[in-house]
Amino acid sequence: MSFQSLGLSDALLKAISKKGYETPSPIQQKAIPPVLEGRDVLASAQTGTGKTAGFTLPLLHLLSENQSPKFRVIRALILTPTRELAAQVHESVKDYSKFLDVKSTVIFGGVNQNPQVNRLRQGVDVLIATPGRLLDLQNQKLLSLKHVEVFVLDEADRMLDMGFLRDIERVMKLIPAKRQNLMFSATFSKDIRKLANGILNNPVQVEATPENSTVDAISQKVYRVAKNKKTGLIIKLISEGHWEQVLVFTRTKHGANKLTKKMISAGISAAAIHGNKSQGARTKALAGFKNGSIRVLVATDIAARGLDIPLLPHVVNFELPNISEDYVHRIGRTGRAGANGQAVSLVSADETSYLKNIEKLIGLNIEVEIVEGFEPDPNASTEPIKPGQNRQRRHSKKTNSSGRRKNNKNKRNYSKQRNDKRH
Ligand code: AMP
């Protein structure tokens, strides 16, 4: 299938070929035709599937076919959970509308509103926004959503995770009842279905599994290590393995900052990306990471959501997430576009139960390695540490260090579980 056969305008085809895309991705093949027909669409797709172009291309096609009256009004509203995702979606909209008479802008919190307001005053057709700043500017009567024809809810599951349900409901009251709705979500929980029922009108359902969603394609390894030796070990692995472009996950913002400082002291260029960083600092860190001037990006789960970093060779879990599904999300960032990825987890005794839950979810016993000089502490407790608890407790339990694969039954259950979520 080609982009031409999807019926997109020449101006869009020109922009697509400028981006170097040759064939539409599965989600694009499935989502573009119903959007062009004016249908509501409920799509199961996550970052990495090409979902942004899946809704942006047909949306731009529709807007440019029916040009607005004399002055520009907001005719398409794209709501995203995070500022980073909003900025990335805006970049895509700008790229794809290069040869169209369509103007777009992005608004999000954490930065001065005046430049955003000035751009809105000049007139835009497509607005990409995070909920808080959108409602804020609307309350100040600095924008109107009365002319919205197409409403896109991107990463709806993240929206709910981040507590935006009320804000979404408020936004729905500000846009016309008659409109086209597109909703994207990586998972389909009961809450998501409920939200979809309230927003969408007789939607076409489409789904795409991202190339990177198969855990099998990613080489995974666990390093058992004493908690206080993790920093030394990660620095050794990165330097001696000559790893470039490493995404490191920490559980806390403080942990991200601390690790970043230690990396920099060890001569490894690094930057942290988390909720307490200013928007400018986050954008700079991400740009540096993408262009190779920053070798290590240290992120918390929330900050990393929606980041579009293609072809990431290494993901390191400096700490395991306590929610097993987050592990799958994290390691899914390696091996994009068919390339091989490597996911490494540094696991101390108190993370043993997290590791067990993760292995149960993915149906694999992850290969374990111990590096000389960075051995696990045999006296450390395997009890998970709760905030505020004393870290130096005793009573050890023997840990399982087998690299053997468990039976396939679990594995099937895992795919089933994920499929269940998608439907
Ligand atoms: P997304 O899932 O929208 O975040 O897109 C993931 C990445 O795939 C982005 O870097 C896009 O530029 C890229 N991309 C989107 N569509 C295509 C396509 N049809 N062919 C190749 N790359 C694409």
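Everything below is about the structure shown above.
Fair warning: this is a prediction, and the values are worked out from it, not measured in the lab.

Rules of the game
Within each chain, residue numbers correspond to sequence positions counted from 1 in written order. A pLDDT threshold of at least 70 governs which residues receive local features in this predicted model, and a stricter bar of 80 or more applies before side-chain atom pairs are shown or counted, although totals over entire chains, interfaces and linings include all residues. Note: side-chain values were computed over all heavy atoms of the structure, leaving out hydrogens and water. A run of H or I in DSSP counts as a helix once it spans at least four residues, and a run of E counts as a strand once it spans at least two, with each numbered from the N terminus. Remark: exposure states derive from per-residue accessible area (1.4 Å probe, protein chains only) relative to the maximum for the residue type, with buried under 20%, exposed over 50%, and partly exposed in between. Here, two residues are considered to be in contact whenever any of their heavy atoms come within 4.5 Å of each other. To qualify as a nonpolar core, a set must consist of buried Ala, Val, Leu, Ile, Met, Phe, Trp, Tyr and Cys residues joined through side-chain atoms within 4.5 Å. Angular values range over 0 to 180 degrees, each being the angle between N-to-C directions of two axes fitted as lines to C-alpha atoms, with helices fitted over their stretch in contact. Angular relationships are summarised with four words: roughly parallel below 35 degrees, roughly antiparallel beyond 145, roughly perpendicular across 65 to 115, and oblique for the angles in between. By convention, the crossing between two helices is left-handed when the near helix turns anticlockwise from the far helix through less than a right angle, and right-handed when the turn is clockwise. Nonpolar residues are Ala, Val, Leu, Ile, Met, Phe, Trp, Tyr, Cys and Pro. Charged residues are Asp, Glu, Lys and Arg, and all others, Gly as well, are polar. We call a residue near a given molecule or strand whenever any one of its heavy atoms falls within 4 Å of it. Pairing of N or O atoms within 3.5 Å defines a polar contact, subject to two protein rules: one partner must be a possible hydrogen donor and the other a possible acceptor, and residues neighboring in sequence count only if both atoms are side-chain atoms. All accessible-area figures derive from a Shrake-Rupley calculation using a 1.4 Å probe, and residue coverage is judged against the displayed protein chains alone. In what follows, salt bridge is the name for a side-chain nitrogen of Lys or Arg lying within 4 Å of a carboxyl oxygen of Asp or Glu. Any pair of Phe, Tyr and Trp rings, taking the six-membered ring for Trp, is counted once the centres come within 6.5 Å. Such a pair is stacked with planes under 30 degrees apart, edge-to-face with planes over 60 apart, and tilted for the rest. Comment: the charge-over-ring label is applied if NZ (Lys) or CZ (Arg) is within 6 Å of the ring centre and within 35 degrees of the ring normal.

S.K.: Got a sec to walk through the side chain of Ser25? Specific residues and values, please.
M.R.: Relative to the assigned elements, Ser25 resides in the loop between α1 (10-19) and α2 (26-36). The exposure class assigned to Ser25 is buried, which follows from its relative accessible area of 16%. Beyond its immediate sequence surroundings of up to four residues, Ser25 is in contact with Thr49 and Gly50.

S.K.: Explain the environment of Asn365 to me, and be specific about the residues and the numbers.
M.R.: Looking at the element boundaries, Asn365 is found in the loop between α15 (352-362) and β14 (367-369). Each C-alpha atom of the pair Asn365 and Leu355 lies 9.2 Å from the other, and the pair is 10 residues apart in sequence.

S.K.: Kindly report on unusual backbone geometry, identifying the contributing residues and their values.
M.R.: Not every positive phi belongs to a glycine, and Glu155 is a case in point at roughly 50°. Take Glu155: it is sitting in the loop between β5 (150-153) and α7 (156-161). The phi dihedral of His242 is positive, around 50°, even though this residue is not glycine. Structurally, the position occupied by His242 is in the loop between α10 (230-240) and β9 (246-249). For His242, a relative accessible area of 62% corresponds to the exposed category.

S.K.: Requested: an account of the nonpolar core, with residues and values cited.
M.R.: Leu8, Leu57, Leu60, Ile78, Val126, Ile128 and Leu182 are the most contacted members of the largest nonpolar core, which has 41 residues in total. When residues in this core are grouped by element, the largest group, seven residues, is from helix α3 (residues 51-65).

S.K.: Account for the packing of α2 against α3, with residues named and values stated.
M.R.: At a minimum axis separation of 9 Å, α2 and α3 run at an interaxial angle of 25°. Accordingly, the angle class assigned to the pair α2 and α3 is roughly parallel. Considering the relative orientation of α2 and α3, their crossing is right-handed. For the pair α2 and α3, the contacting residues are Ile27, Gln28, Ala31, Ile32, Val35 and Leu36 in the first and Lys51, Ala53, Gly54, Leu57, Pro58, Leu59, His61 and Leu62 in the second. Partitioned by chemical class, the residues of the contact of α2 with α3 number 10 nonpolar, three polar and one charged.

S.K.: Outline the site of the ligand, supporting the account with residue identities and numerical values.
M.R.: Around the ligand sit 13 residues in total, of which Tyr21, Gln28, Gly48, Gly50 and Thr52 are the nearest. The separation between an oxygen atom of the ligand and a polar side-chain atom of Tyr21 is 2.4 Å. Measuring from a nitrogen atom of the ligand, one finds a backbone N or O atom of Thr23 at 2.9 Å. Within the complex, the protein chains bury 75% of what would otherwise be the 490 Å² of accessible surface of the ligand.

S.K.: With reference to specific residues and values, describe the pattern of salt bridges.
M.R.: Within the structure shown, the criterion is met by 16 salt bridges. Glu149 serves as the salt-bridge partner of Arg75, at 2.8 Å between the closest nitrogen and oxygen. In this pair, Arg75 is assigned in the loop between α3 and β2 (76-79) and Glu149 in the loop between α6 (131-139) and β5, connecting sequence segments 74 residues apart. Under the relative-accessibility criterion, Arg75 is labelled buried at 2%.

S.K.: An account of the packing of aromatic side chains is needed here, citing residue identities and associated values.
M.R.: Throughout the structure, instances matching the rule amount to two aromatic pairs. On the numbers, 5.0 Å between centres and 55° between planes, the contact of Phe55 with Phe184 is tilted. Of this pair, Phe55 sits in helix α3 while Phe184 sits in strand β6 (residues 180-185), and the two are 129 residues apart along the sequence. With a relative accessible area of 2%, Phe184 lands in the buried category. The ring centre of Phe99 lies 4.2 Å from the NZ or CZ of Lys14, which sits over that ring. Seen from the ring of Phe318, Lys230 lies directly overhead, with NZ or CZ sitting 5.7 Å from the centre.

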